[in-house]
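Residue-level structure breakdown
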Amino acid sequence: MKILYFSWLREKIGVPFEELEVQSENVNDLIKELIRTDQKYALAFEDIKSIRVAVDQKLIQNLNVSIKNVKEVAFFPPMTGG
Amino acid sequence: MNKKINNCLISVNIQKDDFDVNAEIQSIRSRKIIGGIINFIGVVRDTQKEKEELVSLELEHYPGMTEKAIMSICRDAQKRWEINFVRVIHRVGNLKTGDNIVLVITASAHRKESFKSAEFIMDFLKSRAPIWKKEHYKTHSSWVQSKEADELLLKDW
């Protein structure tokens, strides 16, 4: 699965994206799985309320959304377009 | 990205280059059904929050999703108001104070639909298009934080 990071999350993780084999079946578990692998994720996901998530380029409202068979999951702070 | 739905042409571009407002408007004027054209131009401003002058504004985005998200906002606008034309150009990359950031043009037979839909599109673009701004000063840089007020605005629509 491709996992992407933007803005300050990208800076905290240190890469714009990575290809990972993940076991998790939903976004919430994916975050926990990442945190278990490295301290940098724990720091980046510290304030989960300030993080927005897109699954296959669609914004999700609930972290329980399934990630089975999805191609990409993106994590980023609230958007500041316009 | 171009789409034509129910006689409304929606066109969205994300680009580094500047845009030519007059040329964009000219291409819409030629359509005979158009009676009113609204254009909004967002420009880089120095917020003067810092003691230093803004050197540049960096815009990062999520290629692929940005186009889809903006297209979806425009389609929502087109469902609410009878508009015939929507054009959105959002710039990314490094910009300077005074540079164009975003162009939203809406056109319809009558003015109200164009006014309303342009405002709707801009409001949603602010907090629903995956774009992030970083302000660069001589000695430091900082990510622009989203405003609670911008999010609350969406509830009014």
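Residues numbered from 1 in each chain as written. Chains lettered and ligands numbered in written order. Predicted model: local features only at pLDDT ≥ 70, side-chain atom pairs only at ≥ 80, totals over all residues.

**A short note on the overall build of chain A**
Each helix and strand counted, chain A has three helices and five strands in total. For chain A, the C-alpha radius of gyration of 12 Å lies close to 12 Å, the compact-globule estimate for 82 residues. Taken over the C-alpha atoms alone, chain A extends approximately 35 × 30 × 20 Å along its principal axes. Here chain A, with 82 residues, has 28% of them falling under the buried criterion. (Helix = DSSP H or I, 4+ residues; strand = E, 2+ residues; numbered from the N terminus. Rg over C-alpha atoms; globule rule 2.2 N^0.38 Å. Buried ≥ 20, exposed ≤ 12 C-beta atoms within 10 Å, placed from the backbone.)

**So, the overall build of chain B**
Summing up its helical and strand segments, chain B has four helices and nine strands in all. Helices and strands appear in chain B in the N-to-C order β-β-α-β-β-α-β-β-β-α-β-β-α. In summary, chain B has a C-alpha radius of gyration of 16 Å against a globular reference of 15 Å for 157 residues, a match within 12%. Seen along its three principal axes, the alpha-carbon backbone of chain B occupies a region of about 50 × 35 × 30 Å. Considering chain B as a whole, with its 157 residues, one finds that 32% of them fall into the buried category. Considering only contacts within chain B whose residues lie at least 6 apart along the sequence, 75% involve residues at least 24 apart. (Contact = placed C-beta atoms within 7 Å.)

**Brief notes about the confidence of the model for chain B**
Considering every residue of chain B, the mean pLDDT works out to 93; 100% of them sit at 70 or more. ipTM for the predicted complex: 0.95, alongside a pTM of 0.94. (pLDDT = per-residue confidence, 0-100.)

**Comments concerning the sheet that holds strand β5 (residues 85-91) of chain B**
All names here are of chain B. Taken together, five strands build an open sheet; the order of strands is β1-β2-β5-β7-β3 and the sheet is mixed. The open sheet terminates on both sides in strands that have one partner only, identified here as β1 (2-5) and β3 (36-43). Across the sheet, the axes of successive neighbouring strands diverge by a mean angle of 10 degrees, strand direction being ignored. Relative to strand β7 (residues 100-108), β3 is paired through eight bridges, and the arrangement is antiparallel. Across the sheet, the residue bridging to Ile 37 is Ala 107, located in β7. This element, helix α2 (residues 65-80), spans β1, β2 (8-15) and β5 of the sheet and lies at about 155 degrees to β2. (Pairing = 2+ DSSP bridges. Axes fitted to C-alpha atoms, helices over the stretch in contact; angles between N-to-C directions.)

**A closer look at the pairing of β5(B)**
The side chains of a regular strand alternate between both faces of the sheet. Residues and elements named next belong to chain B. Burial analysis of β5 places seven of its seven residues in the buried class, which makes it a mostly covered element. Covered by surrounding structure in β5 are Phe 85, Arg 87, Ile 89 and Arg 91 together with Val 86, Val 88 and His 90, the residues of both alternating faces. Relative to β5, β2 runs parallel, the two sharing seven bridges. What sits directly across from Leu 9, in β5, is Phe 85. By the bridge criterion, six bridges tie β5 to β7 in an arrangement that is antiparallel. Note on β7: the bridge partner recorded for Val 86 is Thr 106.

**Here's the deal with α2(B)**
The end-to-end C-alpha separation of α2(B) is 23 Å, in line with the 22 Å expected for 16 residues at 1.5 Å each. For α2(B), every residue scored as buried is listed here: Met65(B), Thr66(B), Glu67(B), Ala69(B), Ile70(B), Ile73(B), Cys74(B), Ala77(B) and Gln78(B). (Expected span 1.5 Å × (residues − 1).)

**Let's talk about the interface of chain A and chain B**
Contact residues are listed per partner, giving 13 residues for chain A and 21 residues for chain B. Among the residues forming the side of chain A that touches chain B, the class breakdown is eight nonpolar, five polar and no charged. (Nonpolar A, V, L, I, M, F, W, Y, C, P; charged D, E, K, R; others polar.)

**Comments concerning unusual backbone geometry**
Residue and element names in this part refer to chain A. Despite not being glycine, Asp 56 has its phi angle at roughly 50 degrees, a positive value. Note on placement: Asp 56 falls in the loop between β3 (52-55) and β4 (58-60). Its 14 C-beta neighbours within 10 Å are what place Asp 56 among the partly exposed residues. Phi angles above zero are rare outside glycine, and Asn 69 is one such case at about 65 degrees. Here Asn 69 lies in the loop between β4 and β5 (72-76). On the neighbour-count criterion, Asn 69 (7 C-beta atoms within 10 Å) is exposed.

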